[in-house]
Amino acid sequence: MKVGGTSYHFGMSTLLTLAVHGAGGRMGKRVIAVAAEDRDVELIAAIEHPDHPAIGQDAGTQAGVRSLGVTLGGDLPAQVDAVIDFSLPAAADAIIAACETRRLPLVMATTGLSEVQQGALRGAAKSIPIVFAPSMSASVNLTMKLAQQVTRALADVPGGMDIEIVERHHRFKADAPSGTALRFGELISQAMNGDVETVHGREGETGTRPQNQIGYHAIRVGDDPGQHTIIFGMMGEKIELNVAASNRDGYAAGAIRAAKWLRGKSPGLYSMFDVLDLQ
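Heads up: these notes are all about the structure in this document. (Residues numbered from 1 in each chain as written. Predicted model: local features only at pLDDT ≥ 70, side-chain atom pairs only at ≥ 80, totals over all residues. Heavy atoms only, no water.)

**Describing helix 6 (residues 179–191)**
In an α-helix, one turn spans 3.6 residues; hence positions three or four apart end up facing the same way.
Now for step 1: For helix 6, built from 13 residues, the straight-helix expectation of 18 Å at 1.5 Å per residue is met to within 8% by its first-to-last C-alpha distance of 18 Å.
Now for step 2: Among the residues of helix 6, those classed as buried are Gly179, Thr180, Ala181, Phe184, Gly185, Leu187, Ile188, Ser189 and Ala191.
Now for step 3: Looking one or two residues past helix 6, Asn193 carries a phi angle of roughly 65 degrees, positive in sign. (Helix = DSSP H or I, 4+ residues; strand = E, 2+ residues; numbered from the N terminus. Expected span 1.5 Å × (residues − 1). Buried < 20%, exposed > 50% of the residue type's maximum accessible area, 1.4 Å probe, protein only.)

Written as structure tokens, this is what we have:
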């Protein structure tokens, strides 16, 4: 990575210029740290709320890496190849509007967006390219594709199939179930032709488990960066798909990969399936 003026690698295109919104948060810091090791990325802006305690500090230093010569501040540059948003739902509206107004490609990695906010994303995607996914991890998205394939292959298994989704995250996570867990459920439901009901946890006299039901279970413990287990239970056998992160770097690397993929794309709302060519 290079910070400063435009640079070139022999036989390669120009560096990707990058702005990170939510740069003082846990994920924003990891995006900056991972980008700092990527020779094809140039960080030019690290954006955070004006009241953040690290405002004015070097973005690299506050992320735990070397000084990058970019100050943590509140200004979105007029021109940048891509903006990565890892902030909070309350801050998403402003960055969506700013990117739409300035025609800046956006990687929306913030989870917990409302239906109204998702509608705003769809509206903005008419004029700018946007990658929006509940998880930026390549491993998570590959596991989602596997979950679809398992569901389709076993849709008519004798005795039926029970599906449970268990997700585990750190104590600071504000939404439950996670956006990733819900996306697993959406994809599985689509593979079952949408004839599915959902339940969030169980207690009391629940009776016999009905067919075509997806159960969600959310666990919040310590600093766990994220685990998802999809259980396909049948009579006499089961399949479990598990994807787990030991740190946040996979999410950061996926967001940077999406930012690179966006360069030169037409306006539209894309997913990580598009980025990873998993359609």
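**Here we look at the side chain of Asp85**
Now for step 1: Among the secondary structure elements, Asp85 is positioned in strand 4 (residues 82–85).
Now for step 2: Buried charged residue Asp85 carries no salt bridge. Nearest counter-charge: Lys173, at 13 Å.
Now for step 3: Setting aside anything within four residues of it in sequence, one finds Asp85 in contact with His21, Ile95, Leu106, Val107, Met108, Ala109 and Thr110. (Lys, Arg positive; Asp, Glu negative; His and termini not counted. Salt bridge = Lys/Arg side-chain N within 4 Å of Asp/Glu carboxyl O. Contact = heavy atoms within 4.5 Å.)

**Side note on the packing of aromatic side chains**
Now for step 1: Across all of its chains, the model carries one aromatic pair by this definition.
Now for step 2: With a centroid separation of 5.0 Å and an interplanar angle of 80 degrees, the aromatic rings of Trp261 and Tyr270 are classed as edge-to-face.
Now for step 3: Owing to a relative accessible area of 19%, Tyr270 belongs among the buried residues under this scheme.
Now for step 4: Above the plane of the ring of Trp261 lies Lys265, whose end atom (NZ or CZ) is 4.3 Å from the centre. (Phe/Tyr/Trp six-rings, centres within 6.5 Å; stacked < 30°, edge-to-face > 60°. Lys NZ or Arg CZ within 6 Å of the ring centre and 35° of its normal.)

**Some words on the environment of Ala82**
Now for step 1: Looking at where Ala82 falls in the secondary structure, it is placed in strand 4.
Now for step 2: Residue Ala82 is classed as buried on the basis of its relative accessible area, which comes to 0%.
Now for step 3: On a C-alpha basis, the gap between Ala82 and Cys99 in space is 9.3 Å, while along the polypeptide they are 17 residues apart.
Now for step 4: Once residues within four sequence positions are removed from consideration, Ala82 is found in contact with Thr17, Leu18, Ala19, Pro105 and Ala259.

**Regarding the side chain of Thr17**
Now for step 1: In this structure, Thr17 sits in strand 1 (residues 16–21).
Now for step 2: Judged by relative accessible area, which is 16%, Thr17 ranks as buried.
Now for step 3: In this structure the side chain of Thr17 is engaged in a polar contact, spanning 2.8 Å, whose partner is the backbone nitrogen of Asp81.
Now for step 4: What Thr17 contacts, discounting residues up to four positions off in sequence, is Glu42, Ile44, Val80, Asp81 and Ala82. (Polar contact = N/O pair within 3.5 Å; in protein donor to acceptor, adjacent residues only side chain to side chain.)

**Let's talk about the sheet that holds strand 12 (residues 268–270)**
Now for step 1: Across the sheet, which stays open at both edges, the seven strands sit in the order 3-2-1-4-5-6-12 with parallel pairing between neighbours. A single partner strand is all that each edge strand has here, and the edge strands are strand 3 (72–73) and strand 12.
Now for step 2: Two strands pair when backbone bridges link them, and strand 1 and strand 4 are joined in this way by four bridges, in the parallel orientation. The residue bridging His21 from the neighbouring strand is Asp85, located in strand 4.
Now for step 3: Relative to the sheet, helix 1 (residues 26–36) contacts strand 1, strand 2 (41–47) and strand 4, its axis offset from that of strand 1 by approximately 160 degrees.
Now for step 4: Helix-sheet contacts for helix 3 (residues 89–102) involve strand 1, strand 4 and strand 5 (106–108), and the interaxial angle to strand 5 is about 160 degrees. (Pairing = 2+ DSSP bridges. Axes fitted to C-alpha atoms, helices over the stretch in contact; angles between N-to-C directions.)

**So, the pairing of strand 2**
Now for step 1: Within strand 2, six of the seven residues are buried, leaving the element largely enclosed by the surrounding structure.
Now for step 2: When strand 1 meets strand 2, the two strands line up parallel, connected through six bridges. From the neighbouring strand, Val20 faces strand 2, where its bridge partner is Ala46.
Now for step 3: One crossover worth recording links strand 1 to the parallel strand 2 by way of helix 1, and it is right-handed.
Now for step 4: Note: strand 2 against strand 3, two bridges, orientation parallel. In the sheet register, Ala46 faces strand 3, and the bridge partner there is Leu72. (Right-handed = clockwise from strand over helix to strand, strands pointing away.)

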